[in-house]
Amino acid sequence: MAQDMTLLWGSGSPPCWRVMIALEEKNLQGYNQKLLSFEKMEHKSQEVIDINPRGQLPSFKHGDVIVNESYAACFYLESQFKSQGNKLIPDSPAEQALMYQRMFEGLTFYEKLNAVIYYNWFVPEGERHDSALNRNREALVTELNLWEGYLQKLGSGSHLAGPSFSLVDVTVFPTVATLFRFGLSAEKYPKLGEYYALLKERPSVKASWPPHWLENLKGQDTLKDM
Ligand SMILES: N[C@@H](CCC(=O)N[C@@H](CS)C(=O)NCC(=O)O)C(=O)O
């Protein structure tokens, strides 16, 4: 089954990492994969455009089925391989509702993070303002405090929707890992720190850890004063 699948991906891209964690969780190891370089603009190559006209990674194909949006691919894999590997959608209405709720909030979380760490990448030099970056940083702090509060309420050792690992962990963990890669302090955000420490040991997460993070253990310190 996995032999019919192809994933084009980039190292350290949270959307790509989501799909890779989902594939691991569903025991779909052995899928075809190609690591592409953003620096070399390989995400704009014809090979990608043929699958994903936006020229973005992940680009994912299962047989003739193309499903590129990372959230869509995660839902697709869970639904097509329901009884294979780990179940990723809880049955309990409360846990399921919280999972969906937090998954979509996770998109905002990811956006607020990118608006800080990739500010210089997104905004051309002549259009950058310290005040705009500071506003983005403040918006990220607000977001961080929300997620700290969510985890605080769930209690120690919990996943993002409750006791079991679910699709919200698949989709939001890569954002959390990126926060720490960019220097977030686990002392200032202890609940996020605890969640990061718990999930980074999960086999699906370890198996899909961004290779360039392994090659270069030191990340950036962009978020150290947040
Ligand atoms: N909505 C997409 C977003 C994917 C995305 O933004 N990928 C980035 C890498 S993290 C990318 O390919 N950026 C290059 C570009 O947009 O040109 C998803 O979640 O799958």
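Note that this is a predicted model, so its numbers are computed, not measured. (Residues numbered from 1 in each chain as written. Predicted model: local features only at pLDDT ≥ 70, side-chain atom pairs only at ≥ 80, totals over all residues. Heavy atoms only, no water.)

**Here's the deal with unusual backbone geometry**
With the exception of glycine, most residues fall at negative phi, and the peptide bonds are largely trans. The omega torsion of the bond from Leu57 to Pro58 falls at 10 degrees, within 30 degrees of zero and hence cis. Secondary-structure assignment places Pro58 in the loop between α2 (46-51) and β3 (59-62). For Asn27, which is not a glycine, the phi torsion comes out positive at approximately 55 degrees. In this fold, Asn27 is placed in the loop between α1 (14-25) and β2 (32-36). The backbone of Met41 shows a phi angle near 60 degrees, a positive value even though the residue is not glycine. A residue is classified by how much of its surface remains accessible, and Met41, at 45% relative accessible area, is partly exposed. (Helix = DSSP H or I, 4+ residues; strand = E, 2+ residues; numbered from the N terminus. Buried < 20%, exposed > 50% of the residue type's maximum accessible area, 1.4 Å probe, protein only.)

**Some thoughts on the site of the ligand**
As a structural note, the neighbourhood of the ligand is formed by 14 residues, with Lys44, Gln56, Leu57, Glu69 and Ser70 the closest of them. Lys44 places a side-chain nitrogen or oxygen 2.6 Å from an oxygen atom of the ligand. Within the contact set of the ligand, a nitrogen atom lies 2.5 Å away from a side-chain nitrogen or oxygen of Glu69. When isolated, the ligand has an accessible area of 500 Å², and the protein chains bury 71% of it. In terms of residue class, the shell around the ligand is built from five nonpolar, six polar and three charged. (Near = heavy atom within 4 Å. Polar contact = N/O pair within 3.5 Å; in protein donor to acceptor, adjacent residues only side chain to side chain. Areas by Shrake-Rupley, 256 points an atom, 1.4 Å probe, with all protein chains shown as cover. Nonpolar A, V, L, I, M, F, W, Y, C, P; charged D, E, K, R; others polar.)

**Some remarks on the pattern of salt bridges**
Once their charged atoms are close, side chains differing in charge can pair, the charge on each being opposite to the other. All chains considered together, the criterion is met by nine salt bridges. A salt bridge links Glu25 to Arg202, with the shortest nitrogen-to-oxygen separation between them at 2.7 Å. Here Glu25 is found in helix α1, whereas its partner Arg202 is found in the loop between α8 (190-199) and α9 (203-207), with 177 residues between them in sequence. Relative accessible area serves as the criterion here: at 3%, Glu25 is assigned to the buried category. Put simply, Asp91 and Lys87 hold a salt bridge, and the shortest N to O gap is 3.0 Å. Relative accessible area serves as the criterion here: at 60%, Asp91 is assigned to the exposed category. Looking at Lys87, the relative accessible area reads 47%, which means it is partly exposed. Among the charged side chains, a salt-bridge network with shared partners connects Lys200, Glu201 and Lys206. (Salt bridge = Lys/Arg side-chain N within 4 Å of Asp/Glu carboxyl O.)

**Description of the packing of aromatic side chains**
Evaluated as defined, the whole model comprises 15 aromatic pairs. When the centroid spacing of 6.2 Å and the interplanar angle of 75 degrees are considered together, the rings of Tyr118 and Phe122 count as edge-to-face. Overall, the relative accessible area of 31% leaves Tyr118 in the partly exposed class. One aromatic cluster in this structure is built from Trp17, Phe173, Phe180, Tyr195, Tyr196, Trp209 and Trp213. Geometry around Tyr110 places Arg18 over its ring, the cationic atom sitting 4.9 Å from the centre. Stacked on the ring of Tyr150, the Lys or Arg Arg102 has its end atom at 3.4 Å from the ring centre. (Phe/Tyr/Trp six-rings, centres within 6.5 Å; stacked < 30°, edge-to-face > 60°. Lys NZ or Arg CZ within 6 Å of the ring centre and 35° of its normal.)

**Details of the domain arrangement of the protein chain**
Domain assignment breaks the protein chain into domain 1 (2-80) and domain 2 (93-215). With both chains or domains summed, domain 1 and domain 2 bury close to 1900 Å², and 74% of this area falls on carbon and sulfur atoms. Along the contact surface separating domain 1 from domain 2 lie six residue pairs in polar contact (both at pLDDT 80 or more). Considering every element that reaches the side of domain 1 that touches domain 2, the biggest residue donor is α1, with nine residues. For the side of domain 1 that touches domain 2, a count of residues per class yields 11 nonpolar, two polar and four charged. (Domains from an automatic or database assignment. Buried area = accessible area lost by both parts, 1.4 Å probe.)

**Concerning a nonpolar patch on the surface**
On the surface, Tyr100, Phe104 and Leu107 cluster together into a nonpolar patch covering about 250 Å² of accessible area. Inspection of the secondary structure puts Phe104 in helix α4 (residues 93-117). (Patch = residues over 30% accessible without salt bridge, like charges linked within 9 Å, V, L, I, M, F, W, Y side chains within 5 Å.)

**Focus on the environment of Ile51**
When you line up the elements, Ile51 lands in helix α2. The exposure class assigned to Ile51 is buried, which follows from its relative accessible area of 13%. Separated by 14 residues in sequence, Ile51 and Val65 have C-alpha atoms that sit 9.8 Å apart. Ignoring any residue separated from it by four or fewer positions in sequence, one finds Ile51 in contact with Leu8, Ser59, Phe60, Lys61, Ile66 and Asn68. (Contact = heavy atoms within 4.5 Å.)

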